[in-house]
Amino acid sequence: MKFGILVFPGSNCDRDVAMVTRDLLQQPTRMVWHEESDLSDVDVVIVPGGFSYGDYLRCGAIARFSPAMQATIRHAEQGGLVLGICNGFQVLTEAGLLPGALMRNRDLHFICDRVPVRVEQTHLPFTQQYQPAEVITLPIAHGEGCYYADADTLAELEANGQVVFRYCEANGGVSERANPNGSLNNIAGICNRRGNVLGMMPHPERASDAALGSTDGLRMFQSVLSALVGQA
Amino acid sequence: MTAVSPTPFSPKEIADEGLTSDEYEEIVRRLGRHPNKAELGMFGVMWSEHCCYKNSRPLLKQFPTTGARILVGPGENAGVVDMGAGLRLAFKIESHNHPSAVEPFQGAATGVGGILRDIFTMGARPIAILNSLRFGDLSDAKVRRIFTGVVAGIAHYGNCVGVPTVGGEVYFDPAYTGNPLVNAMAIGLMETPEIVKSGAHGIGNPVLYVGSTTGRDGMGGASFASAELSDASMDDRPAVQVGDPFLEKSLIEACLEAFKTGAVVAAQDMGAAGITCSTSEMAAKGGVGIELDLDKIPVRETGMVPYEYLLSESQERMLFVAAQGREQELIDIFERWGLHAVVAGRVIAEPIVRILFQGEVAAEIPATALADNTPIYHRELMAEPPAYAQKAWQWSEADLPPCTDTGIAVQGVTRTWEEVLLTLLDSPTIASKRWVYRQYDHQVQNNTVLLPGGADAAVVRLRPQVGQTGDPASVRRGVAATVDCNSRYVYLHPYEGAKMAVAEAARNLSCVGAEPLAVTDNLNFGSPEKPIGYWQLAEACRGLSEACRELATPVTGGNVSLYNETLDSEGNPQPIYPTPVVGMVGLVEDIGQVRGQGWVAAGDRIYLLGSLHNITLGGSEYLAVIHSTVAGVPPIVDFERERRVQAACRHGIQAGWIRSAHDCAEGGLAIALAESCISGNRGASVHLPTLQERLDTLLFGEGGARILVSVAPEQGQAWETYLKETLGDDWQFLGEVGTSETPIQICVSGTPVIETALAVAGDRWGMAIERRLAG
């Protein structure tokens, strides 16, 4: 069971993810430089948060052309697991692995906070350790996390059960007040049709170490672990 | 040096470089000839206050700078302290006030970029940023633009570069209307075995220029930073640099990688005065010379002349001295990160800075004349305190209208104590800064133990991020950090106010359970050429020195920003409050034992450590906000009591007795109580004993050495026994923590004087800044 974490020059959550997979979960973890194109040794590819190539053009717009992302696309096509967190989610939409786009937050400010999120799908390899409709609290930290897709795409996502996480009230209710960034349908994370590619704005790796106060995000990495071990 | 032909300058040309005619004569004497234009520019920036501290150096000499934990004191890019267990911490504070006044977003952003470079130049990975900010009144549209621009600029740079902004302070006062203060402090954990120093050595060693390209941006920023601001300053916008945090992120990684090869002999950030400053300081510190060829420097613009190369303050650039023969190894690392790295010169034996351009010598100056042996002005201290201070000291509490149990008449209108409390909670200086810190990524790097807003100081775990990583649970040590200065106190009494800034910083660290270790200071003052400005600076330095000695927190470096005055349209200087910001770091032995400021459980017992009485309304937030008066003698520091109270708080936390701790600062006991209630989402019922003083003094009076703590009832007896032994009578049981339904209730001598619903207080405090921005 090996994790590969992509490293763009502007990635800044790559080591945070490695702290979870390598140090907390004791799993083999390889940092994959953006110029590398061979991911055949890796079981799970994680595209971490940060600013990939500075994101001066559009978040993730350049990163999609990198050799490592081309390899990630091939990995996904072969059914391998891909997890994009924050900037990683933006990169996955730019690369066409996930539909829609992430736009400037509703109030145009960067937001760093801890928010309640409802787990909408628990059959995925990423989420099977959560209870259906469970409300967990995850950190967010983004300036461009407002999820947008056209009406047809959105309807399709909902109909296919591809909405995996939704911003909600502490009691699980979905409301505009509980929506930190203006995302359509309060979407915080989605997966592809096949369920092997997940993109999310919240940072599960920042809610994994008990010493920092929360382990709500750790179960996501544990889910992946048990899913793949079960498969093997 | 025939290439350097003598050129006479007009008095205006000399003044334009920020030099006086006496200084020009001194330059001619040192060179034995007239300087050329490029050389004149080099002297202009290097002899500015920003670079050579010509006004403040005699005053800075009195600071204590050594101690058992101090590994590097003032003089290098940053100070370094020993945190034990092989952990070494670099930290430093720096101002970017003038650029932020003119272009708030880029001014603040590049301020963050600059202080980060000071940290990683030493071989330390930046792990935290704090900010100390001052703005005018938010009712002014221009102030709102500066405020929102500065916050967005800090967020832009810090968030992208991937260093958490974990703490800080923000004050609002009309004194800062045209001249905001933007001080950024950075903290780093050493990653290289040796601390990287800046003194060049090894004759013949190559000098490498690394990082970004050089352009005309930020021309002469150092002299700009040392001049008073006027309406015409808006025309100085080219003096403000533009930052690229993505490039800086790559520069951090590349530099740390480069240092680990052992091929870097010395390194220096190119900050103020760019190439001029880095070459002359590196040469002067190493007792050698540097020859640099401008034709080798990567540029972003064409047609630049030596003057422009030498004075450019383009960001994200550094100068290295490399070990001869190993330059390619370093160049490869930088190119991997997409950065420039070129051999642009060499170390020479002759102690001069020699600049080559198009095959000729463009400038040649003794290095020490620029960086070491620079002018010093010993100014005369006023024989007695200035009239404004003497007048302010005559104020007494008897000048206020009388108090009753129900309230006080302010200009004929009776205001209840509850109204007064809510008004103070709504004062932007006291109110929640959530609107600010929510825009800063404060969790990146996965080490933030205490989040902003929840405690009196920030706490970050000291977990190495590369190399010897392992089980994160094995890392127990952390650093606590804070920035502090009540500048109204300093204005009213520079000596006492400066002492209190140090005492409060130490108290904030003690409130989270950390042992205060060392200080970096940022002296933001007006013009030292004016007698009052110099008196404020000199008196504040005396206070800082004494307090740092008394509290055993040596100064490891810092920054001086003078001439913080705005000229109005009539040309009258409007001085800021003298603001010596104290940045302090402390050691947390066990990150599992830190405490926040909010109540933790209903039924917990509330205590005040320190005196209920030794307080004053002089210089208080209550006096300024409710009575529109800035007067009186601010609180006087009692070091003996300060040390005892802080030690008791730290011990109480380590023993597991104390569950929350909060400093009583602006707004006094009533505000501290309300903040602990709001932060913990629990009310409280508190009884204060028979009056010795006015009711408003008891509730809102300010004074040092006072900490509000809560303790579980079952620990009460052990805790009180300890208090009697260590503090004697210098503590007080006040009452009990309630539930989320309980109001904030304060009784005095059995009579209720304040009862406020938690939600109402929380809304006033929580939304104060947003309401003013919306309006």
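Residues numbered from 1 in each chain as written. Chains lettered and ligands numbered in written order. Predicted model: local features only at pLDDT ≥ 70, side-chain atom pairs only at ≥ 80, totals over all residues. Heavy atoms only, no water.

**Examining the state of the cysteines**
All names here are of chain A.
Here is step 1: Overall, the coordinates contain zero disulfides over all chains when judged by the stated rule.
Here is step 2: Distance from the sulfur of C13, which forms no disulfide, to the nearest cysteine sulfur (C86) is 6.4 Å.
Here is step 3: With relative accessibility at 2%, the residue C13 sits in the buried group. (Disulfide = S-S within 2.5 Å. Buried < 20%, exposed > 50% of the residue type's maximum accessible area, 1.4 Å probe, protein only.)

**Details of the packing of helix α19 (residues 494–512) of chain B against helix α20 (residues 531–550) of chain B**
All names here are of chain B.
Here is step 1: Where α19 contacts α20, the axes come no closer than 7 Å and their chain directions differ by 40°. Classed by the angle they form, the pair α19 and α20 counts as oblique. Here α19 runs over α20; the crossing is right-handed. Along its contact with α19, which presents P494, Y495, A498, K499 and V502, the element α20 presents W535, Q536, E539, A540, R542, G543, L544, E546, A547 and C548.
Here is step 2: Looking at the contact of α19 with α20 residue by residue, the class counts come to nine nonpolar, two polar and four charged. (Axes fitted to C-alpha atoms, helices over the stretch in contact; angles between N-to-C directions. Helix = DSSP H or I, 4+ residues; strand = E, 2+ residues; numbered from the N terminus. Parallel < 35°, antiparallel > 145°, perpendicular 65-115°, else oblique. Left-handed = near helix turned anticlockwise from the far one by under 90°. Contact = heavy atoms within 4.5 Å. Nonpolar A, V, L, I, M, F, W, Y, C, P; charged D, E, K, R; others polar.)

**Some remarks on the sheet that holds strand β9 (residues 163–167) of chain A**
Residue and element names in this part refer to chain A.
Here is step 1: The strand order across the open sheet formed by nine strands is β2-β1-β3-β4-β11-β10-β9-β6-β7, and the pairing between neighbours is mixed. Two strands close off the open sheet at either side, each with one partner strand: β2 (29–33) and β7 (135–142). The average angle at which neighbouring strand axes cross in this sheet is 25°, direction not considered.
Here is step 2: Note: strand β6 (residues 111–119) against β7, eight bridges, orientation antiparallel. Residue V117 lies in a different strand from β7, and its bridge partner there is I136. (Pairing = 2+ DSSP bridges.)

**Focus: the packing of aromatic side chains**
Residue and element names in this part refer to chain B.
Here is step 1: Per the counting criterion, the structure on display carries 24 aromatic pairs over all chains.
Here is step 2: A ring pair is formed by F135 and F147, whose centres lie 5.0 Å apart and whose planes are at 75°; its orientation type is edge-to-face. Here F147 lies in helix α8 (residues 141–161) and F135 lies in strand β4 (residues 124–135), a separation of 12 residues in the sequence.
Here is step 3: Here F135 falls in the buried class, since its relative accessible area comes to 1%.
Here is step 4: By way of ring pairs, the aromatic residues Y607, W657, W719, Y722, W731 and F733 are connected into one cluster.
Here is step 5: The aromatic ring of Y307 is capped on one face by K37, whose charged end is 4.7 Å from the ring centroid.
Here is step 6: Its end group placed over the ring of Y495, R542 keeps NZ or CZ at 3.9 Å from the ring centre. (Phe/Tyr/Trp six-rings, centres within 6.5 Å; stacked < 30°, edge-to-face > 60°. Lys NZ or Arg CZ within 6 Å of the ring centre and 35° of its normal.)

**Quick word on helix α25 (residues 716–727) of chain B**
All names here are of chain B.
Here is step 1: Taking 1.5 Å as the rise per residue, α25 with 12 residues should run 16 Å; its terminal C-alpha atoms sit 15 Å apart, in good agreement.
Here is step 2: Within α25, the full set of buried residues consists of G716, W719, E720, Y722, L723 and L727. Down the axis of α25, the smallest arc covering the buried residues is 160°, so these residues share one side. Summarising the geometry of α25, the exposed residues directed more than 90 degrees from the buried face are Q717, K724 and E725.
Here is step 3: In this structure, the buried side of α25 is in contact with β24 (605–609), α22 (639–654), β25 (658–663), β27 (707–711) and β28 (731–737).
Here is step 4: Positive backbone phi, at 60°, marks G728, one or two positions downstream of α25. (Expected span 1.5 Å × (residues − 1). Arc of directions from axis to C-beta.)

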